[in-house]
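Notes for the structure review
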Amino acid sequence: MTIMTYANAALEAIRQSMQSDPTVWCVGEDLGRGGVFGQYKGLREEFGEARISDAPISEAAIMGAAFGAAMVGTRPVVEMRFADFALCATDELVNQIAKARFMFGGQSRAPMVIRKPMGLWRSSAAQHSQSLESWYVHIPGLVVLCPATPQDNYSMLKAAIACDDPVVYLEHKNIWALEGDVDFDHQITLGEASTRRTGADVTIVSWSNTANLAVEAADTLADKNIDAEVIDLRSLWPWDKSAVLDSVRKTGRLVVAHESVAVGGFGAEIVATVAEQVASSLKGPVRRLGAPRSLIAYAPNLEDKMRVTAEMIVTAAQETFE
Amino acid sequence: MTIENFNTDRGLALLTVMERIRAFEEQACLAAERDKLVLGAIHPSIGQEGVAAGVMSNLNKDDIILSTHRGHGHTLAKGASSVAMMRELLGREGGCCGGKGGSMHIADFEVGMLGANGVVSANITIAAGAAHAIKLLGDDRIVVDIFGDGAINRGPFLEGLNWSTVFDLPILFVCEDNQYSATTKTSSMTGGDGPAARATALGLRATEVDGNDAEAVADVAAEICARLRAGGKPEFLHAVTYRQTGHTSFDPAAYRPEGEAAKHRLENDPIARQRDILLTAGISEQALTDIRGEAQAEMIEALRLAAASPFPDDDTVFLDVQDLGSPAVEAY
Ligand SMILES: Cc1ncc(C[n+]2csc(CCOP(=O)(O)OP(=O)(O)O)c2C)c(N)n1
Ligand SMILES: [Mg+2]
């Protein structure tokens, strides 16, 4: 067990994966100098320029070429720099990577990880702050992961690289420096949620950085004699329905919270599933928190208007008792 | 071409491949229009067979190709089974893609054919990546990516060609220029001096060839492939040909100038030209007739077998989507 940052935990996952599998390589803009957030620092020196590959500012080619290389026996880790820029490679991801195995009748696989740092971070404004995870969940063929802790960023990235499906890997930019214990031997099964806190009174389902806020909120709720259970989904496709349904059966109350726009967000899928399958267990109104369907501004006070905060989660949890 | 050093075996092989492509597509068009057995769109390459035959004659089985929506010819020339291909066009069990892809997604990884593509231009970056993997793995195979003249107006052309020069990849890009982008004359929508000029600007060595002369295509492709195999830089081949049919088998192509297609059929058909070359080289009329007869018999039989094949099992609909979160486990 060592204490590591969220960023370094991922870096270590890549280093270990590259050491054990010579077909793993990373490609993206500026990787040779460690990447924009330093997530590849030192890897060029260890693995050379062919395996820690710089790329032209050609997102479609980074995605498309990595896909071609994935079909021909390598396991690329694609760095998109900011999740927002991955939109320049939408055809490659949605029409090509996600569909090839099926369209070609199982003749091919695309074992690749597409890293897309997302989320609100330091006045980055409308084109560098989005959380679009729900888009990708809508695309059959893709696995969608949203780690929230250093341990998960280590264990999930390692599992993602080993996975034969294309994985959209959404790290949150605001928690690169978040520190936590990391056990290199801890393996996780992709698709299993993590119960970050057990509780009997209300279930809070979240993922990515908002899951960390949910844990904070649960501490505050404990002071108010509300025993909250926090489920960090970690993986949106596949998602751990039984963890959520079992918890709601137990607590009878549900809050869903995510940073992305509430309308059409993945929270809606969770609430709909709960409504279909365990509605009779509910003892109070369900609350769903997400961003307003608006744009992320530069000015800090305006940026804050788009945030789901720990306080909002506390209030929402209290409202499930009304 | 001097008859003295003419390679008769290669000449006959080129004709055979072209006749097989032509016969395959004629049967496919009949299956679409007459029999209503091909349900989706098919894009025939009738009139363009010289490019497929000439380029593929220089590839080994483990070399890789990627193609377009108009890819039957390339796939057949790379060695795919005509029966499996016809089954795919009819959406049947035993099709190359199990009936899930159809004409526009035809692929046969066993023979290094990594897929046609329903999205114009998309395979250019993917092909560059296939070549990238070959280089990373230290293999000695090469990649050929074929696309149409319309594809050079999409971004992947710039990004993919640039990628190939930046990483110095073993790839040949072939622009199979049939002069049309669906119903539009491509020249009317293309700035600058055309495909080869664009490729040259991106650092590729570019060659132009008469795509209706299978011998000429085979000759230049042989030189290019030899350079690539010797560790050379990525190259570009602009092969000018003509689409004798409509854009799809159902398109009457009434937008073309009166007489244009007829003139090409009469004067510039790659199969007729190859037959003339072979006759001049002393091959008998009968031998050529036999080649055509065999090709037609093969494809009539392929259609018969395909039509007699069942549709895929319903259960296969949820197969091969993904391992994690497969719809076979959780469809909704
Ligand atoms: C990105 C994209 N845009 C439009 C289409 C519709 N479309 C299919 S084929 C075609 C014409 C392509 O022309 P070209 O690249 O010259 O190939 P050809 O059909 O002549 O073989 C078009 C516009 C498509 N399939 N993909
Ligand atoms: Mg064309």
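Up top is the structure these notes are about.
Right, let's walk through the structure included here. Remember, it's a predicted structure, so these values are computed and weren't measured experimentally.

Cut-off values and rules
Residues numbered from 1 in each chain as written. Chains lettered and ligands numbered in written order. Predicted model: local features only at pLDDT ≥ 70, side-chain atom pairs only at ≥ 80, totals over all residues. Heavy atoms only, no water. Core = buried A, V, L, I, M, F, W, Y, C linked by side-chain atoms within 4.5 Å. Buried < 20%, exposed > 50% of the residue type's maximum accessible area, 1.4 Å probe, protein only. Helix = DSSP H or I, 4+ residues; strand = E, 2+ residues; numbered from the N terminus. Domains from an automatic or database assignment. Contact = heavy atoms within 4.5 Å. Near = heavy atom within 4 Å. Polar contact = N/O pair within 3.5 Å; in protein donor to acceptor, adjacent residues only side chain to side chain. Areas by Shrake-Rupley, 256 points an atom, 1.4 Å probe, with all protein chains shown as cover. Axes fitted to C-alpha atoms, helices over the stretch in contact; angles between N-to-C directions. Parallel < 35°, antiparallel > 145°, perpendicular 65-115°, else oblique. Left-handed = near helix turned anticlockwise from the far one by under 90°. Nonpolar A, V, L, I, M, F, W, Y, C, P; charged D, E, K, R; others polar. Donors = N, O, S within 2.8 Å, 3.2 Å for Na, K, Ca; no water. Phe/Tyr/Trp six-rings, centres within 6.5 Å; stacked < 30°, edge-to-face > 60°. Lys NZ or Arg CZ within 6 Å of the ring centre and 35° of its normal.

Turning next to the nonpolar core. Judged by nonpolar contacts, the single largest core of 133 residues is most densely connected at L233 of chain A together with W163 of chain B. Sort the elements by how many residues they give to this core and helix α3 (residues 59-71) of chain A lands first, with nine residues. Mapped onto the domain boundaries, this core takes at least three residues apiece from domain 1 (2-182) and domain 2 (194-319) of chain A. Not counting residues up to four positions away in its chain, the partners in contact with W163 of chain B are V27, A55, P56, A61, I62 and A65 of chain A together with A128, H132 and L169 of chain B.

On to the site of ligand 1. Residue and element names in this part refer to chain B. Inspection of the region around ligand 1 gives 15 residues, with H69, R70, G150, N178 and Y180 positioned closest. The separation between a nitrogen atom of ligand 1 and a polar main-chain atom of G118 is 2.9 Å. Interatomic distance of 2.8 Å between a side-chain N/O atom of N178 and an oxygen atom of ligand 1. The protein chains hide 71% of the 570 Å² of surface that ligand 1 would expose on its own.

Turning next to the packing of helix α1 (residues 8-33) of chain B against helix α4 (residues 82-89) of chain B. Residues and elements named next belong to chain B. Remark: α1 packs on α4, axes separated minimally by 11 Å, with the N-to-C direction vectors making an angle of 25°. Regarding the angle of α1 to α4, the classification is roughly parallel. Read as a crossing pair, α1 and α4 show a hand that is right-handed. Together, R20, F24, Q27 and A28 of α1 and S82, M85, M86 and L89 of α4 make up the contact between the two elements. Looking at side-chain class alone, the contact of α1 with α4 contains five nonpolar, two polar and one charged residues.

Residues and elements named next belong to chain B. Taken together, the protein ligands of the magnesium ion (ligand 2) are D149 (OD), N178 (OD1) and Y180 (O), with distances of 2.1 to 2.2 Å. Expressed as a motif, the donor residue spacing for the magnesium ion (ligand 2) is D-x28-N-x1-Y. In this pair, D149 sits in the loop between β2 (143-148) and α6 (155-166) while N178 sits in the loop between β3 (171-177) and β4 (180-181), placing the two residues 29 residues apart along the sequence. For the pair D149 and N178, a shared accessibility class is recorded, and that class is buried.

Applying the stated rule across the entire model yields 16 aromatic pairs over all chains. Seen from their ring centres, F104 of chain A and F109 of chain B are 5.7 Å apart, and the 50° between their planes marks the pair as tilted. With F104 of chain A in the loop between α5 (100-103) and β5 (113-115) and F109 of chain B in the loop between α4 and α5 (123-137), this residue pair bridges two chains. In this structure an aromatic cluster arises from ring pairing among Y6, F37, F82, F85, W121 and W176 of chain A. Over the ring of F311 of chain B we find R92 of chain B, and its NZ or CZ is 4.1 Å from the ring centre.

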